[in-house]
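Each chain, letter by letter, is given below.
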Amino acid sequence: MGMSNIGLFFNTAKNKKEFAEVLAEIQEYIASKYSTLITDNPEEQRQQITAYIAKYLNDYSLGVEGMSNEKLIDSLYTEMAEFSFLTKYLFATNVEEVNINSWKDVKITYSDGSIVPSKEKFQSPQHAIDVMRRLLHKSGMILDQSQPGVVGHLSNKIRITVLGSPLTDKDKGIAASIRIVNPQKLNREDFIQNGTATGEMLDFLSYCLRYGSSMCVTGSTGSGKTTLMSWILSTIPNEKRIFTIENGCREFDLVKEDEDGNVLNNVVHTVTRFSDDPKQNFDQERLLEFCLTCDPDVVCVGEMKSAEAFAAQEAARTGHAVITTTHANSCSATYYRMVTLCTQKYDINDHTLHGLVTEAFPIVLFVKKLEDSNRKIMEITECEILEDGTRQIHTLYRYHVTENSIVDGKAIIKGEFQRVNPISKSLQKRLLENGMPAKLLNKIIEDGVNAA
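Summarised in this report is the structure supplied together with it.

### Observations regarding the overall build of the protein
Counting secondary structure elements, the protein contains 14 helices and 17 strands. C-alpha atoms of the protein, sized along the principal axes, occupy 80 × 55 × 50 Å. In the protein, the proportion of contacts linking residues at least 24 apart, taken out of those at least 6 apart, comes to 56%. Roughly 22500 Å² of accessible area belongs to the protein as shown, and the carbon and sulfur atoms make up 49% of that amount. Each charge class in the protein was averaged separately, 49 positive and 60 negative side chains, and the resulting centres sit 2 Å apart.

### Observations concerning the sheet that holds strand β16 (residues 391-407)
Whether parallel or antiparallel, the strands of a sheet pair through hydrogen bonds between backbone atoms. In spatial order, the strands read β11-β10-β12-β13-β9-β14-β15-β16-β17; together these nine strands make up an open sheet with mixed pairing. Whereas interior strands pair on both sides, the edge strands pair on one side only; in this sheet they are β11 (266-271) and β17 (410-419). Ignoring strand direction, the axes of neighbouring strands in this sheet form an average angle of 15°. Two strands pair when backbone bridges link them, and strand β9 (residues 215-218) and strand β13 (residues 321-326) are joined in this way by four bridges, in the parallel orientation.

### As for the state of the cysteines
A complete count under the given rule lists zero disulfides for this structure. Free cysteine cysteine 294: the closest other cysteine sulfur is in cysteine 291, separated by 6.5 Å. For cysteine 294, a relative accessible area of 27% translates into the label partly exposed. Free of any disulfide, cysteine 331 has its nearest cysteine sulfur in cysteine 216, 9.1 Å distant.

### With respect to the nonpolar core
Counting 40 residues, the largest nonpolar core has Phe204, Leu233 and Ile380 as its most contacted members. Broken down by element, this core gets its largest block of residues, six residues, from helix α7 (residues 199-210). Ignoring anything within four residues of it in the chain, the contact list for leucine 233 reads Leu209, Ile242, Phe252, Leu254, Val298, Cys300 and Ile323. If you look at the next biggest cluster of nonpolar residues, it comprises 34 residues, including Leu288, Ala312, Phe361 and Ile413.

### Observations regarding the pairing of strand β7 (residues 158-164)
A regular strand places its side chains so that they alternate between the two faces of the sheet. Only one face of β7 is buried, namely the one carrying Ile158, Ile160, Val162 and Gly164, since none of Arg159, Thr161 and Leu163 on the opposite face is buried. With seven bridges joining them, β7 and strand β8 (residues 174-180) adopt antiparallel strand pairing. In the sheet register, isoleucine 160 faces β8, and the bridge partner there is isoleucine 178.

### Considerations on the packing of aromatic side chains
Applying the stated criterion to the full structure yields nine aromatic pairs. When the centroid spacing of 4.6 Å and the interplanar angle of 40° are considered together, the rings of tyrosine 56 and tyrosine 60 count as tilted. In this structure tyrosine 60 comes out as partly exposed when scored by relative accessible area, which is 48%. A centroid spacing of 5.8 Å and a plane angle of 50° characterise the contact between phenylalanine 204 and tyrosine 397, whose relative ring orientation is tilted. With a gap of 193 residues between them, phenylalanine 204 in helix α7 and tyrosine 397 in strand β16 connect regions that are remote in the sequence. With respect to burial, phenylalanine 204 and tyrosine 397 carry one shared label: buried. Here the aromatic residues Tyr29, Tyr52, Tyr56 and Tyr60 are joined through ring pairs into a cluster of three or more. Residue placement shows arginine 286 over the ring face of phenylalanine 282; its charged tip is 3.9 Å from the ring centre. In this structure, arginine 419 is placed above the aromatic ring of tyrosine 397, and the distance from its NZ or CZ to the ring centre is 4.3 Å.

### Some points on α7
The end-to-end C-alpha distance of α7 is 16 Å, a good match for the 16 Å that twelve residues give at a rise of 1.5 Å each. Three or more residues of α7 are buried, namely Gly199, Met201, Leu202, Phe204, Leu205, Ser206, Cys208 and Leu209. Directly beyond the C-terminal end of α7, a positive phi value near 80° is found at glycine 212.

### Observations regarding the pattern of salt bridges
Oppositely charged side chains are able to pair whenever their charged atoms sit close together. Using the criterion set out here, one finds 13 salt bridges in the structure. Note that lysine 345 and glutamate 285 form a salt bridge whose closest N and O atoms lie 2.9 Å from each other. Separated by 60 residues along the polypeptide, lysine 345 in the loop between α11 (331-342) and α12 (350-360) and glutamate 285 in helix α9 (residues 284-292) bring together distant segments of the chain. Using a relative accessible area of 16% as the deciding quantity, one classes glutamate 285 as buried. With a shortest N-O distance of 2.5 Å, arginine 317 and glutamate 314 are connected by a salt bridge. With arginine 317 and glutamate 314 both in helix α10 (residues 308-317), this residue pair falls three residues apart, about one helical turn. Among the charged side chains, a network of salt bridges with common partners joins Arg188, Glu189 and Asp203.

### Focus: the environment of glutamate 379
By the secondary structure assignment, glutamate 379 is in strand β15 (residues 375-385). By relative accessible area, which is 21% here, glutamate 379 ends up partly exposed. Considering only alpha carbons, one finds glutamate 379 and valine 367, twelve residues apart in sequence, at a separation of 7.4 Å. If near-sequence neighbours (up to four positions away) are discounted, glutamate 379 is found in contact with Cys331, Val364, Leu365, Phe366, Thr395, Tyr397 and Arg398. One polar contact links glutamate 379 to threonine 395, side chain to side chain, over a distance of 2.6 Å.

### Re the packing of α10 against α11
Between α10 and α11, the least distance of the axes is 7 Å, while the angle of their chain directions is 115°. Taken together, the residues of α11 that come into contact with α10 (itself represented by Ala309, Phe310 and Gln313) are Met338, Leu341 and Cys342. A breakdown of the residues in the contact of α10 with α11 according to their chemical character gives five nonpolar, one polar and no charged.

### Some points on unusual backbone geometry
Of the consecutive residues serine 165 and proline 166, the connecting peptide bond is found in the cis state with omega at 5°. Following the sequence through the fold, proline 166 ends up in the loop between β7 and β8. If you check the backbone angles, aspartate 295 has positive phi at about 55° while not being a glycine. With respect to the element layout, aspartate 295 can be found in the loop between α9 and β12 (298-301).

Reading the values: rules and limits
Residues numbered from 1 in each chain as written. Predicted model: local features only at pLDDT ≥ 70, side-chain atom pairs only at ≥ 80, totals over all residues. Heavy atoms only, no water. Helix = DSSP H or I, 4+ residues; strand = E, 2+ residues; numbered from the N terminus. Contact = heavy atoms within 4.5 Å. Areas by Shrake-Rupley, 256 points an atom, 1.4 Å probe, with all protein chains shown as cover. Lys, Arg positive; Asp, Glu negative; His and termini not counted. Charge placed at Lys NZ, Arg CZ, Asp CG, Glu CD. Pairing = 2+ DSSP bridges. Axes fitted to C-alpha atoms, helices over the stretch in contact; angles between N-to-C directions. Disulfide = S-S within 2.5 Å. Buried < 20%, exposed > 50% of the residue type's maximum accessible area, 1.4 Å probe, protein only. Core = buried A, V, L, I, M, F, W, Y, C linked by side-chain atoms within 4.5 Å. Phe/Tyr/Trp six-rings, centres within 6.5 Å; stacked < 30°, edge-to-face > 60°. Lys NZ or Arg CZ within 6 Å of the ring centre and 35° of its normal. Expected span 1.5 Å × (residues − 1). Salt bridge = Lys/Arg side-chain N within 4 Å of Asp/Glu carboxyl O. Polar contact = N/O pair within 3.5 Å; in protein donor to acceptor, adjacent residues only side chain to side chain. Nonpolar A, V, L, I, M, F, W, Y, C, P; charged D, E, K, R; others polar.

This is the structure we're talking about:
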């Protein structure tokens, strides 16, 4: 079907839909046709795909309000065709990761934790390389013999790692991991229903941050740290100023608006910008310096990965409420991880640094994605500083596993949340000094005492 005929059905589209809906349908349709698009010539491929799009729109009399047919076809093509079958996964809202092990082995990780092989595959190792190059080209990144490994961001929603030959076998094409950030807006009830935590645990975390107690959310990639941190931040009263710092791509969207588009709360979102030129490089540490001159009530450092850990604990010890995440596999291990990160900045002995980070972040919560794909807050701890300066870590809440079994090849995990200890006198004092109503504090203490 030639492009000249497209104008014929400009006004015949009786079936008006949202652009996103039309895109989803077209992606499904083109995916089924993709194997017949054998040509490697980009211009021919463009003609073939636009012809398929035009045919589909015509067959179903589809249109989008305010868009001419030509504009719609062009927009649909640009949105999707350049990245082969990957496109529909890149634009999906329920996909967390696309892992490419080779040109014919692609696994999709969905938001519910399931990992499913994609029905489609690339046509050849070279096809996989070509599609990846087009993807990377969007962000000015190059994959070739001199640079066979690339780590970067495709947009502020997509993080990508690609390995080509000779780092991987030539006959496999490429290996790649594409992490798609679909910030999930979960509310308190969602976490309770999903079994991530109890309402009491969630409220406790929310109150702690609200009244100035800094905390660190710890766990591995995909454990749900950011989603949880995002919710905790969303409970901060509108008049309090929140400043977020993220590495490379934005996962937070905490701005609240009313129906007229007026902003109700007080939020500044920032993202790092990498440059080989130190003057032009804005890393998390540098953004934190800017942040502290902007009078924030709550500071969020998306993830502590290197030297920004030192600046973050300094901010937390000088009266700011700081919330951050890091990769560790327990609450107590979190402090040692922070110490390791801080030594990347200054050569201070571990004992001194341990003293600093435990003072900075009294509350640590450990989040884990269990074998049955459910995410849980496994433990919430408080690090108490005793009068002689020694540290004592108390478990406040934990998830106690009572049974592990495998039924029909699926992991079944049973357990219960437990309240273990009340908060320390020193944390009680700090929360009161930071404005927590005595009535609320007494409720938190009673919950803890009753449980213990």
